[in-house]
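Close look at the chain arrangement
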Amino acid sequence: MERIKSFVNDLSIAALERNTNIAAIAIMSDSGEIIEQTSNWDLKKETQVLLNVLNGKQSFTLNNINYTITKRTTEGITGTSEGGMGYVFFVPHEKNIVLSYAMPQADPITALEFLISYTRDNFPKT
């Protein structure tokens, strides 16, 4: 658990240094358990919504904000808010999903590529 917490902290710092506008991060297991999350993003009551997106749902509401999936690949998913309130990213890794919220001024392509690369290179080995 400490390795996951350290990963989230290090990812937060790296995202800030790279100016990605990523504002929140969470790690969820593929069964829907929130393993770790930054203090500014509570997803514990949102796991079914998140699992539905992973299973193909094209639109969703998360923390009272509506999102539409604008990109879906095996490496990652981008959800864009309908009201210009930012982005949610899903990056599957082994039996976990790295989730992230990025502010409206983020470049979603750059942010998702950063998350995929950082997760691939730094996620703790199980």
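Right above here is the structure, for reference.
Rules and cut-offs
- Residues numbered from 1 in each chain as written.
- Predicted model: local features only at pLDDT ≥ 70, side-chain atom pairs only at ≥ 80, totals over all residues.
- Heavy atoms only, no water.
- Helix = DSSP H or I, 4+ residues; strand = E, 2+ residues; numbered from the N terminus.
- Buried < 20%, exposed > 50% of the residue type's maximum accessible area, 1.4 Å probe, protein only.
- Contact = heavy atoms within 4.5 Å.
- Salt bridge = Lys/Arg side-chain N within 4 Å of Asp/Glu carboxyl O.
- Core = buried A, V, L, I, M, F, W, Y, C linked by side-chain atoms within 4.5 Å.

Tracing the sequence through the fold places T20 in the loop between α1 (2-17) and β1 (22-29). Using a relative accessible area of 5% as the deciding quantity, one classes T20 as buried. Apart from the residues lying within four places of it in its own chain, the contact partners of T20 are A15, A106, A111 and F114.

The next thing to look at is unusual backbone geometry. Although it is not a glycine, N64 adopts a positive phi angle of roughly 65°. The class of N64 is exposed, set by a relative accessible area of 78%. Its identity as a non-glycine residue notwithstanding, E94 has a phi of 50°, on the positive side. Structurally, the position occupied by E94 is in the loop between β6 (87-93) and β7 (96-102). Judged by relative accessible area, which is 52%, E94 ranks as exposed.

Bringing the pattern of salt bridges into the picture now. Applying the stated criterion across every chain, the model contains one salt bridge. The salt bridge involving R120 is made with D121; its shortest N-O contact spans 3.3 Å. Judged by its relative accessible area of 49%, R120 falls in the partly exposed class.

Before going further, it helps to examine the nonpolar core. Counting residues in hydrophobic clusters, the biggest one holds 23 residues, and the most contacted among them are F7, L11, I22, I27, V98 and F114. Of all the secondary-structure elements, those providing two or more residues to this core are α1, β1, β6, β7 and α3 (108-122). Discounting chain neighbours no more than four positions away, the residues touching F7 are I27, V98, Y118, T119, N122, F123 and P124. Counting residues in hydrophobic clusters, the runner-up holds 19 residues, among them A26, L50, F90 and Y101.

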